[in-house]
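Structure assessment
Given next are the chains, with one letter for each unit.
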Amino acid sequence: MLQNSSLASVTVGLVQVAVTAVAALIMDRAGRKVLLLLSGVIMAVSTTLFGVYFKISVPHGKNSSVLMSAEHLAEGPADAPAWLALLSMGLFIAGFAIGWGPIPWLLMSEIFPLRARGVASGFCVVTNWGCAFLVTKVFHELLDLLSPYGTFWLFAAFCALNVVFTVLCVPETKGKTLEQIQSHFQQRSRPRSSPPGPPQ
């Protein structure tokens, strides 16, 4: 059991390190927006699969004690649901590490103008860690309220909204100077001029 637990922990860590390194290498080639979209889709799929795992293995579980860590999953029998959970966890870690883990910190330094970069970056950091705290704080309450599979399907829905937000709101900054990026936002913020009226 101890060997399986250690193997699961090492595997999760290796996946995270390897995918983060890949993201750093291909970020300037693939583009920030493409990787964010890929990351959001992978996270949505992985959390959906996690919900399926809990729906199959714990059909009546509305107790937070039914959740298991990667180590506990590895200690169980090698049946399909256990491997589904490990696969889902690995996919989520890989999806997060390739996009929404590293790229937002890079985008912050690219899209904010110099006059507001300090305050805006600080606001983003506070928002990020505040949301992380909020998810951690209410996670067990969500398990009791929605059940484990409902909770992960809720997370999947937020990941899907994340993809929509990326498509509609996040600009591609690959190969662009800071001046070009700022010009992009200035053009979007300008009100469209109304067409000239008919001559009097």
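Quick notes on the rules
Residues numbered from 1 in each chain as written. Predicted model: local features only at pLDDT ≥ 70, side-chain atom pairs only at ≥ 80, totals over all residues. Heavy atoms only, no water. UniProt positions renumbered as here; feature names shortened; annotations may be inferred. Helix = DSSP H or I, 4+ residues; strand = E, 2+ residues; numbered from the N terminus. Buried < 20%, exposed > 50% of the residue type's maximum accessible area, 1.4 Å probe, protein only.

Under the annotation held in an unreviewed UniProt entry, the chain carries the name Major facilitator superfamily (MFS) profile domain-containing protein and is attributed to Engystomops pustulosus. Per its UniProt entry, the chain bears the Sequence similarities (unreviewed entry) comment "Belongs to the major facilitator superfamily. Sugar transporter (TC 2.A.1.1) family." UniProt's Subcellular location (unreviewed entry) comment on the chain is quoted here verbatim: "Membrane".

Sequence positions flagged by UniProt for "transmembrane region" (unreviewed entry) are, in local numbering, residues 6-27, 34-54, 82-107, 119-139 and 151-170. As annotated, residues 34-54 has a helix share of 100% and a strand share of 0%, and its two end C-alpha atoms lie 31 Å apart.

Once that is clear, we can look at unusual backbone geometry. At Ser147, a residue that is not glycine, the phi angle is positive and equals roughly 80 degrees. Within the secondary structure layout, Ser147 lies in the loop between α6 (117-146) and α7 (148-169). For Ser147, a relative accessible area of 1% puts it in the buried group.

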